[in-house]
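# Structure at a glance
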Amino acid sequence: MPKRKRTQAGGESQAPLGKPDRQPTEFEERLYQLCKCIPAGKVSTYGAMAAVLRSAPRAVGQALRRNPFAPVVPCHRVVAADLNIGGFSGGWGISDPKVQRKKKLLEDEGIEFDGSVVRSAEFVLAADELRSLLAEAVAASAPSGGK
């Protein structure tokens, strides 16, 4: 049964299926910050993101499945290690409408596919590239300590 959340008027309404109605965990916050570093036209893998966060690919996938901040946190830009499109919003397999939506989002950003597999490694950010992008984002958001 889907989770429910209270509305302003005190009644109940349906929350999106599988989406948490709680604050993100520390891990989820770090993951979402990293995910926001992946630019349009690029993807990364669950494994590369897990390497940066010193976590496991499945933990990354589970947290992204529950991402309540899409498209601000562009979880559609994360694919499987073999460059297969993977899952999206709890759906799995290229015949799933949610996964077809993920593929369309990526194609609209310039990613090319052979079936359900990203066509070329030129579109893929490795863990070291993600670390660099994250360091730049953290530095840019840090308050300036100038005198």
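Residues numbered from 1 in each chain as written. Predicted model: local features only at pLDDT ≥ 70, side-chain atom pairs only at ≥ 80, totals over all residues. Heavy atoms only, no water.

What follows deals with the sheet that holds strand S3 (residues 43–45). Ordered in space as S4-S3-S9, the three strands form an open sheet in which the pairing is parallel. Every other strand in the sheet has two partners, leaving strand S4 (78–79) and strand S9 (124–125) as the edge strands with one partner each. Summarising the sheet, S3 and S9 pair through two bridges and their orientation is parallel. Bridge assignment links Val43 to a residue of S9, and that residue is Val124. (Pairing = 2+ DSSP bridges. Helix = DSSP H or I, 4+ residues; strand = E, 2+ residues; numbered from the N terminus.)

Further remarks concern the packing of helix H1 (residues 26–35) against helix H2 (residues 46–53). Relative to each other, H1 and H2 sit at 120°, their axes nearing to 11 Å. For the element pair H1 / H2, the angle class is oblique. The two elements H1 and H2 cross, and the hand of that crossing is right-handed. Residue-level contacts link Phe27, Arg30, Leu31, Leu34 and Cys35 of H1 to Met49, Val52 and Leu53 of H2. Split into classes, the residues belonging to the contact of H1 with H2 amount to seven nonpolar, no polar and one charged. (Axes fitted to C-alpha atoms, helices over the stretch in contact; angles between N-to-C directions. Parallel < 35°, antiparallel > 145°, perpendicular 65-115°, else oblique. Left-handed = near helix turned anticlockwise from the far one by under 90°. Contact = heavy atoms within 4.5 Å. Nonpolar A, V, L, I, M, F, W, Y, C, P; charged D, E, K, R; others polar.)

Between H1 and helix H3 (residues 57–65), the shortest axis-to-axis distance is 10 Å and the interhelical angle comes to 85°. By the angle between their axes, H1 is roughly perpendicular relative to H3. For the pair formed by H1 and H3, the contact residues are Phe27, Glu28, Leu31, Tyr32 and Cys35 on the first element and Ala59, Val60, Ala63 and Leu64 on the second. Considered class by class, the residues forming the contact of H1 with H3 number eight nonpolar, no polar and one charged.

Cis geometry marks the peptide bond from Ala70 to Pro71, where omega comes out at 5°. If you trace the backbone, Pro71 turns up in the loop between H3 and S4. One non-glycine residue, Arg54, lies in positive phi territory at about 55°. Along the chain, the position of Arg54 falls in the loop between H2 and H3. Arg54 gets classed as exposed once you look at its relative accessible area, which sits at 82%. Unusually for a residue other than glycine, Ser89 sits at a positive phi of about 55°. Checked against the element boundaries, Ser89 lands in the loop between strand S5 (87–88) and strand S6 (91–92). (Buried < 20%, exposed > 50% of the residue type's maximum accessible area, 1.4 Å probe, protein only.)

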